[in-house]
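Residues per chain are reported as follows:
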Amino acid sequence: MEIFAQRVKELRKERKKTQTEMAQYLKIGLRAYQYYESATNYPNIPSLIKLADYFEVTTDYLLGRSQERE
């Protein structure tokens, strides 16, 4: 699931957001968010949906099941 980590990091940088800002948005600790971007851990389903909505992409795109963002 390294594709998830790459895509979340890429999308965050496109939006010019920090890891801290993303952690606050998701209401999780900074370390927990950093684990997402390092492919050490993954979000639960509600957080995955929240990320997809925030970045205006599909969950399939985040998970690497699609190359289409929308």
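Above this note sits the structure.
Residues numbered from 1 in each chain as written. Predicted model: local features only at pLDDT ≥ 70, side-chain atom pairs only at ≥ 80, totals over all residues. Heavy atoms only, no water.

**Student:** I keep staring at the packing of helix α2 (residues 19-26) against helix α3 (residues 30-37) and nothing clicks. Help me out?
**Tutor:** Helix-helix packing is characterised by the crossing angle of the two axes and by the distance between the axes. Where α2 meets α3, the closest approach of the two axes is 8 Å, and the angle between their N-to-C directions is 110°. It follows that α2 is roughly perpendicular to α3 by the angle criterion. Note on element contacts: α3 touches α2 through Leu 30, Tyr 33, Gln 34, Tyr 36 and Glu 37, opposite Gln 19, Thr 20, Met 22, Ala 23 and Leu 26. A per-class count over the contact of α2 with α3 returns six nonpolar, three polar and one charged. (Axes fitted to C-alpha atoms, helices over the stretch in contact; angles between N-to-C directions. Helix = DSSP H or I, 4+ residues; strand = E, 2+ residues; numbered from the N terminus. Parallel < 35°, antiparallel > 145°, perpendicular 65-115°, else oblique. Contact = heavy atoms within 4.5 Å. Nonpolar A, V, L, I, M, F, W, Y, C, P; charged D, E, K, R; others polar.)

**Student:** Help me out: how do you make sense of the nonpolar core in this one?
**Tutor:** Nonpolar side chains in soluble globular proteins generally cluster together in the buried interior. Counting residues in hydrophobic clusters, the biggest one holds 16 residues, and the most contacted among them are Phe 4, Tyr 33, Leu 51, Phe 55 and Leu 62. Where this core is concerned, the elements lending two or more residues are α1 (2-14), α2, α3, α4 (45-55) and α5 (59-63). For this core, the element with the highest residue contribution is α4, accounting for five residues. If we ignore the near neighbours within four places in the chain, the residues touching Leu 51 are Phe 4, Met 22, Leu 26, Pro 43 and Leu 62. (Core = buried A, V, L, I, M, F, W, Y, C linked by side-chain atoms within 4.5 Å. Buried < 20%, exposed > 50% of the residue type's maximum accessible area, 1.4 Å probe, protein only.)

**Student:** Mind showing me how you'd approach the side chain of Ser 47 here?
**Tutor:** Topologically, Ser 47 is positioned in helix α4. Leaving out residues up to four positions away in the same chain, Ser 47 has contacts with Leu 26 and Tyr 36.

**Student:** Is there a simple way to explain the side chain of Arg 7 in this structure?
**Tutor:** Structurally, Arg 7 can be placed in helix α1. It turns out Arg 7 is buried and unbridged, and the closest side chain with the opposite charge, Glu 10, is 6.3 Å from it. In this structure, Arg 7 is in contact with Tyr 61, Leu 62, Gly 64, Ser 66 and Gln 67, ignoring residues within four places of it in sequence. (Lys, Arg positive; Asp, Glu negative; His and termini not counted. Salt bridge = Lys/Arg side-chain N within 4 Å of Asp/Glu carboxyl O.)

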